[in-house]
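What follows is the residue order along each chain.
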Amino acid sequence: MANITLLPNASAMSDLPPLPSYTLTPVKPLVPFIPDVWLSLILTFVAYWAISMFFHFIDVYDLFPQYRLHTPAEILNRNHVSRYEVARDVIIQQVIQTAVGVSLGLTEPPEMVGKESYDIAVWATRLRIAQRALPQLLGLVGLNATAISKNLAGSHPMLAGALAGGKYPSLSVRLDVVSEAPVPAFAAWEIFTAAAIYWYIVPIIQFAAAIIFVDTWQYFLHRAMHMNKWLYTTFHSRHHRLYVPYAYGALYNHPVEGFFLDTLGAGIAYKVAGMTVRQGMCFFVGSTFKTVDDHCGYVLPWDPLQHLTGNNAGYHDIHHQSWGIKTNFSQPFFTFWDRILGTIWTGDTTAKYERSKKSAQFKKGAEKVQS
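Residues numbered from 1 in each chain as written. Predicted model: local features only at pLDDT ≥ 70, side-chain atom pairs only at ≥ 80, totals over all residues. Heavy atoms only, no water.

## Here we look at the pattern of salt bridges
Inspection of every chain in the model, using the stated rule, returns 11 salt bridges. One salt bridge connects Arg-78 with Glu-74, and the closest N-O pair in it is separated by 3.2 Å. Taken as a pair, Arg-78 and Glu-74 lie in helix H2 (residues 72–78) at a separation of four residues, close to a single helical turn. Here Arg-78 matches Glu-74 in class, with each residue buried. Look at the salt bridges and you will find they share partners, linking Asp-59, Asp-62, Arg-68 and Arg-83 into a network. (Salt bridge = Lys/Arg side-chain N within 4 Å of Asp/Glu carboxyl O. Helix = DSSP H or I, 4+ residues; strand = E, 2+ residues; numbered from the N terminus. Buried < 20%, exposed > 50% of the residue type's maximum accessible area, 1.4 Å probe, protein only.)

Here's what the structure looks like:
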């Protein structure tokens, strides 16, 4: 695609600094010859199975039994689906996810780079315009912004300019080639603040919006799957064949449920938040890590994902038990909907888990005797 160069437009307000020109060029892929959209799909798949195989390895070899939520005997005797069936259905869902991801990628315009300085200048312009309200705001509390600005002009010229409503006469750096009038410039603090907004605050808001959307989407749809008998028996009951969750069973769902609950919700969140492809890459891979970790069956003290929020493996495992199935619907990040709507599990679970372990061990022993 050819480069695109745009010249700055004349400012609608002559006392505002002009916006810079910019040249747009296509974003180079992170990995040569692999478009970022495809890389995002590949990394999501790799992330799922990489973390799943890590937990599967320590599960099979029982490396950290002190941190297990369930014993190997419980996995064998309490689950109502084989590991093969789980892996098969997960791959089916990942095929659906990939198809949706490709379709989503086709709706994305080609990503361009080169406009960063212009966008930062736009934010600096907004800051300059916002400063015009300061004299009136200070006047509401009985302060004379003009007098304060004059007193500070010698010692703190930038603060004085802000209090004066964004007037920085000393920042004119050149003359206009046509009118020969001074051309205003941005203050250093305005550019610094605008850059912080552009590079950090806006992306943080985007990720927060996506996370809140996904948590809201999954909570209410997940809860509906439990409250509506037809939805539960037709779709969601498949996931609950895993009374003892393990890592790669995180996406073990009915394909219809998997599409609506996981794939569609994450895709809409990505669009609503206005993310770039690379931001989406981080969001989808991070969500995958979190979802798998929540089903891992371990409470590892050195696992950072277990400590970021209260929604972790221990929290979600309660939901997979027969006595906790109508609680702890929140997934995958935070627990605020469970807390707000009173569906969070309360009470001690120690005796219940111990009873399940003993029951599974007894059943395993009985099977040995019979054989």
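## Things to note about helix H4 (residues 116–131)
Helical geometry note: an α-helix holds 3.6 residues per turn, so side chains three or four residues apart project in the same direction. Helix length check: H4, at 16 residues, gives a terminal C-alpha distance of 23 Å against a target of 22 Å (1.5 Å per residue), a fit within 8%. Listed in full, the buried residues belonging to H4 are Tyr-118, Asp-119, Ile-120, Ala-121, Val-122, Ala-124, Thr-125, Leu-127, Arg-128 and Gln-131. Against the buried residues of H4 lie strand E2 (22–26), helix H5 (134–140), helix H7 (157–163) and helix H8 (188–227). (Expected span 1.5 Å × (residues − 1). Contact = heavy atoms within 4.5 Å.)

## Some remarks on empty space enclosed by the protein
If a probe as big as a water molecule is rolled over the atoms, it shows which places are left empty. Evaluation of the coordinates by the stated rule reveals three cavities of 30 Å³ or more. In this structure, the largest cavity encloses a volume near 160 Å³. In terms of lining residues, the largest cavity is bounded by 16 residues, among which Gln-218, Leu-261, Asp-262, His-295 and Gln-331 are the most central. Where the lining of the largest cavity is concerned, the elements lending two or more residues are H8 and helix H10 (255–272). Taken together, the residues of the lining of the largest cavity break down into five nonpolar, nine polar and two charged. (1 Å grid on protein atoms, 1.4 Å probe; cavity = no way out; pocket = protein on both sides within 12 Å on 5 of 7 lines; lining within 4 Å. Points joined across faces, edges and corners; volume = space filled by probe spheres on them. Nonpolar A, V, L, I, M, F, W, Y, C, P; charged D, E, K, R; others polar.)

## What about the nonpolar core?
The nonpolar side chains of soluble globular proteins are, as a tendency, buried together. In this structure, Tyr-48, Phe-55, Val-86 and Val-90 are the most contacted members of the largest nonpolar core, which totals 23 residues. Among the elements of the structure, helix H1 (36–60) and helix H3 (83–106) are those that each provide at least two residues to this core. Ranked by the residues each element gives to this core, the list is headed by H1, at five residues. Not counting residues up to four positions away in its chain, the partners in contact with Val-86 are Val-81, Leu-242, Tyr-246, Tyr-248, Gly-249 and Tyr-252. In terms of nonpolar packing, the next biggest core, distinct from the first, is built from 13 residues, Ile-211, Val-214, Tyr-270 and Phe-333 among them. (Core = buried A, V, L, I, M, F, W, Y, C linked by side-chain atoms within 4.5 Å.)

## Focus: the packing of H8 against H10
In contact at an axis separation of 9 Å, H8 and H10 are set at 155° when each is read in the N-to-C sense. Taken together, H8 and H10 sit at an angle that is classed as roughly antiparallel. The handedness of the crossing between H8 and H10 is right-handed. The residues of H10 that touch H8, namely those facing Ala-210, Phe-213, Val-214, Trp-217, Gln-218, Leu-221, His-222 and Met-225, are Glu-257, Phe-260, Leu-261, Asp-262, Leu-264, Gly-265, Ala-266, Ile-268, Ala-269 and Val-272. (Axes fitted to C-alpha atoms, helices over the stretch in contact; angles between N-to-C directions. Parallel < 35°, antiparallel > 145°, perpendicular 65-115°, else oblique. Left-handed = near helix turned anticlockwise from the far one by under 90°.)

## Comments concerning the packing of aromatic side chains
Evaluation of the coordinates by the stated rule reveals 24 aromatic pairs. Ring plane angle 25° and centroid distance 6.2 Å describe the contact between Phe-55 and Tyr-298, whose orientation is recorded as stacked. Separated by 243 residues along the polypeptide, Phe-55 in helix H1 and Tyr-298 in the loop between helix H11 (277–294) and helix H12 (305–308) bring together distant segments of the chain. Judged on exposure class, the residue Phe-55 and its partner Tyr-298 are both buried. By way of ring pairs, the aromatic residues Tyr-219, Phe-220, Phe-329, Phe-336 and Trp-337 are connected into one cluster. Just above the ring of Tyr-246 sits the side chain of Arg-83; from NZ or CZ to the centre is 4.3 Å. The ring centre of Trp-123 lies 4.5 Å from the NZ or CZ of Arg-126, which sits over that ring. (Phe/Tyr/Trp six-rings, centres within 6.5 Å; stacked < 30°, edge-to-face > 60°. Lys NZ or Arg CZ within 6 Å of the ring centre and 35° of its normal.)

## Thoughts on the environment of Thr-350
If you trace the backbone, Thr-350 turns up in helix H15 (residues 350–370). Remark: the alpha-carbon pair of Thr-350 and Ala-313, spanning 37 residues in sequence, is separated by 15 Å. Side chain to side chain, Thr-350 and Asp-348 meet in a polar contact 3.0 Å long. (Polar contact = N/O pair within 3.5 Å; in protein donor to acceptor, adjacent residues only side chain to side chain.)

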